[in-house]
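The primary structure of each chain is shown beneath.
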Amino acid sequence: YVYVPVGDKLQFDLSNAKTCVSKVGFTQTMEIDVSYNLPSHYDFEQDKRVGDAKIFCNLKLTLNKNDNILRVQYKVKNNSEYHRFRIAVDTGIATDRIIVDVPFCIETHSNKERTLLVNSKTFFNTSFATLCDNVNGMALLTQGLHEVERDGTKLYLTIARATGVIGHNNGKYFFHNFLLV
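Colleague: Just checking my understanding: could you explain the sheet that holds strand β9 (residues 105-110) for this structure?
Modeller: Remark on secondary structure: sheet strands pair via backbone hydrogen bonds, oriented parallel or antiparallel. Reading across the sheet, the four strands line up as β9-β8-β11-β12 and stay open at both edges, with antiparallel pairing between neighbours. A single partner strand is all that each edge strand has here, and the edge strands are β9 and β12 (137-141). Adjacent strand axes in the sheet meet at a mean angle of 20°, parallel and antiparallel pairs treated alike. Pairing between strand β8 (residues 97-102) and β9: six bridges, direction antiparallel. Across the sheet, the residue bridging to I98 is H109, located in β9.

Structure follows, in structure tokens:
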């Protein structure tokens with residue numbers, strides 16, 4: 001799913017974002033609307049991104065009084081293929097391991113590990129991803145988001161993977177081994 005040369009830059013530009021903050025009763029809400037220009041698709045023969053497309057995102061953050069849980073909602077209108085759209089959360093916790101849940105167990109992964117058949121340091125999760133050290137910890141509880149990546153103190157939750165073609169495989173970037181028993 002990740003068809004980018006090493007060194008491709010992540011986009012964090014919020015210069016064109018529109019923000020609205022409201023407080024009603026014991027609830028405070030911030031909405032952020034932002035758009036990005038991205039290549040429209042990936043040309044596998046030329047091994048590069050081509051074309052122009054615009055994606056739109058609405059991010060809504062809600063905090064209730066006396067509640068230590070920040071609720072995050074989002075809407076994405078995607079017009080580009082072969083990219084990931086992610087939310088980054090800086091936990092402030094420097095550790096060499098990430099803890100995730102998968103069906104029927106909890107797994108701990110080090111910085112050097114990666115999920116098989118995936119060309120990035122992503123891990124699968126069912127409902128949470130956690131960074132913790134001997135003093136602090138932060139868990140991100142996810143609903144419908146099943147992929148997380150760790151970079152330093154940040155956790156990246158994948159909101160959308162835009163593959164263009166379901167099940168598309170590019171042998172140049174993926175190596176598959178299968179064992180039939």
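Still more to cover.
Colleague: What is the right way to look at the pattern of salt bridges in this model?
Modeller: Side chains that differ in sign of charge can pair as their charged atoms come close. For the coordinates displayed, the defined rule picks out two salt bridges. With a shortest N-O distance of 2.9 Å, R71 and D67 are connected by a salt bridge. Of the residues examined, R71 reaches a relative accessible area of 37% and is grouped as partly exposed. Two residues, E149 and R86, come together in a salt bridge whose shortest N-O distance is 2.6 Å. With E149 in strand β13 (residues 147-151) and R86 in strand β7 (residues 83-90), this pair connects stretches of sequence that are 63 residues apart.

Calculation rules
- Residues numbered from 1 in each chain as written.
- Predicted model: local features only at pLDDT ≥ 70, side-chain atom pairs only at ≥ 80, totals over all residues.
- Heavy atoms only, no water.
- Pairing = 2+ DSSP bridges.
- Helix = DSSP H or I, 4+ residues; strand = E, 2+ residues; numbered from the N terminus.
- Axes fitted to C-alpha atoms, helices over the stretch in contact; angles between N-to-C directions.
- Salt bridge = Lys/Arg side-chain N within 4 Å of Asp/Glu carboxyl O.
- Buried < 20%, exposed > 50% of the residue type's maximum accessible area, 1.4 Å probe, protein only.

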